[in-house]
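Fold and geometry: a report
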Amino acid sequence: MLIIKDISNLQSYLTAYQNRKYSIGFVPTMGALHKGHGELIKRSKNDNHKTIVSIFVNEKQFNSKEDFNSYPRNKGLDYDFCSDNNVDLLFEPSAEEIYNKDETILKNTYFNNILCDKYRKGHFDGVITVLNKFFSIVKSNKVYFGEKDFQQLKIIEKFIQENFKFLEIESVPTKRNEEGIAYSSRNEKLSKKQIQDFVSFHQKVENFLKTLEESFDINTANQKAKDFIVEQDIEEFDYFEFRNNKDLSFNGKVSESRLFYAIYKGKIRLIDNLKI
Ligand code: AMP
């Protein structure tokens, strides 16, 4: 496996791939790799001749320096993970390699002021700013994103449609552990007790979903969601609501929706979304 840190070196490999007419799949990540990332890599390996994974903890998408500094990083393990998953090329640039000193931050205009965009102001501006860079540098045929970050997936779909017409976006279902919780780099920061509490919360949410009828309107389900969440023993939450999975509105039936939540365990913010 190649590990490349600078753009010019990367570009010489990309040119060689293109000359050989290899199709390229790209999996952007922030590292601390787990089985969820593994699913994206598997899909890319299946679809393309070559798979490129990037690891870049993008400071511009964090709301606080503290959250950025404490984001899990485990380089050695990530190298083994990629190598075990037969990644062809790992791109791990520094912030200086990606950004100019006075980099302009792009403004995200899609799915604004709802869900994570409402509670993490500027987060998606940072996400599209970095992806704009990465998509221009890597110029892959396909790029892979997880449904775990569903609002992010919807925003990037739109961003690609408008700005990177050569690129195809593929979405990958959320990979969960045996207890049902989604793999996430942030889970590494949870104590044993916090994990147990999170698993028990998640199982209650799944049972709650079973009590709903698919024919309910999203608004009716949201009344029930409100009643459910206030009774749970959680420290804090940003949102817990059903939204239409096409346009993230409150229109339609529960059968065409997902339940989105962002809760806190201590300072750690955990997000997920579930189909009924
Ligand atoms: P991150 O490293 O957290 O920025 O995530 C990189 C990519 O992996 C994003 O497209 C995520 O949506 C995706 N991802 C993260 N966790 C999971 C999971 N449990 N299942 C599937 N995809 C995931």
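Preceding this section is the structure that the text describes.
Turning to the site of the ligand, a few remarks are in order. By nearness alone, 17 residues border the ligand, and Thr 29, Gly 36, Phe 145, Gly 146 and Lys 148 come closest of all. Contributing elements (two or more residues each) for the shell around the ligand: helix H2 (35–47) and strand E5 (142–146). With four residues, the single largest contributor to the shell around the ligand is H2. When its residues are assigned to classes, the shell around the ligand shows six nonpolar, seven polar and four charged.

Take the pairing of strand E9 (residues 268–275) next. Note on strand geometry: in a regular strand, side chains alternate between the two faces of the sheet. Strand direction decides the pairing type here: strand E8 (residues 257–265) and E9, joined by eight bridges, are antiparallel. Bridging across to E9, Tyr 264 finds its partner in Arg 269. Taking the residues that link successive antiparallel strands as the turn, the E8-E9 hairpin has two residues, and the phi of Gly 266 there is positive, at about 60°.

The end-to-end C-alpha distance of helix H10 (residues 218–230) is 18 Å, a good match for the 18 Å that 13 residues give at a rise of 1.5 Å each. Those residues of H10 that fall on the buried side of the exposure criterion are Ile 218, Ala 221 and Ala 225. The arc that holds every buried residue of H10, seen down its axis, measures 60°, which confines them to one face. Facing away from the buried side of H10, by more than 90 degrees, are the exposed residues Asn 219, Gln 223, Lys 226, Asp 227 and Val 230. Close packing links the buried residues of H10 with strand E7 (236–244) and E8.

On to the nonpolar core. Residues Ile 52, Val 53, Leu 90 and Leu 131 are the most contacted members of the largest nonpolar core, which totals 34 residues. Take this core: its biggest share by element is eight residues, from helix H7 (residues 123–138). Aside from chain neighbours lying at most four places away, what touches Leu 90 is Met 1, Leu 2, Ile 3, Val 53, Ile 55 and Cys 82. Counting residues in each nonpolar core, the second largest holds 19 residues, with Val 205, Phe 240, Phe 242 and Val 254 among its members.

The subject of this paragraph is the sheet that holds E8. Backbone hydrogen bonds hold the strands of a sheet together, and the pairing may be parallel or antiparallel. The antiparallel open sheet is built from three strands, whose spatial order is E7-E8-E9. Each edge of the open sheet is held by one strand with a lone partner, namely E7 and E9. For this sheet, the mean inter-axis angle between neighbouring strands, taken without regard to orientation, is 10°. On top of the sheet, H10 reaches E7 and E8; it is set at about 160° to E7, its chief contact.

Here we come to the environment of Ser 70. Mapping Ser 70 onto the fold places it in the loop between helix H3 (65–69) and helix H4 (75–84). Look at Ser 70 and you get partly exposed, because 14 C-beta atoms sit within 10 Å.

Right, let's get into the sheet that holds strand E1 (residues 2–4). Pairing in this open sheet of six strands is parallel, and the strands run E1-E4-E3-E2-E5-E6 from one edge to the other. Both edges of this open sheet fall to E1 and strand E6 (168–172), since each of them pairs with a single strand only. Between one strand axis and the next, the sheet turns by 25° as a mean value, whatever way the strands run. With three bridges connecting them, strand E3 (residues 50–55) and strand E4 (residues 89–91) associate as parallel partners.

Conventions and cut-offs
Residues numbered from 1 in each chain as written. Predicted model: local features only at pLDDT ≥ 70, side-chain atom pairs only at ≥ 80, totals over all residues. Near = placed C-beta within 6 Å. Helix = DSSP H or I, 4+ residues; strand = E, 2+ residues; numbered from the N terminus. Nonpolar A, V, L, I, M, F, W, Y, C, P; charged D, E, K, R; others polar. Pairing = 2+ DSSP bridges. Expected span 1.5 Å × (residues − 1). Buried ≥ 20, exposed ≤ 12 C-beta atoms within 10 Å, placed from the backbone. Arc of directions from axis to C-beta. Contact = placed C-beta atoms within 7 Å. Core = buried A, V, L, I, M, F, W, Y, C linked by C-beta atoms within 7 Å. Axes fitted to C-alpha atoms, helices over the stretch in contact; angles between N-to-C directions.

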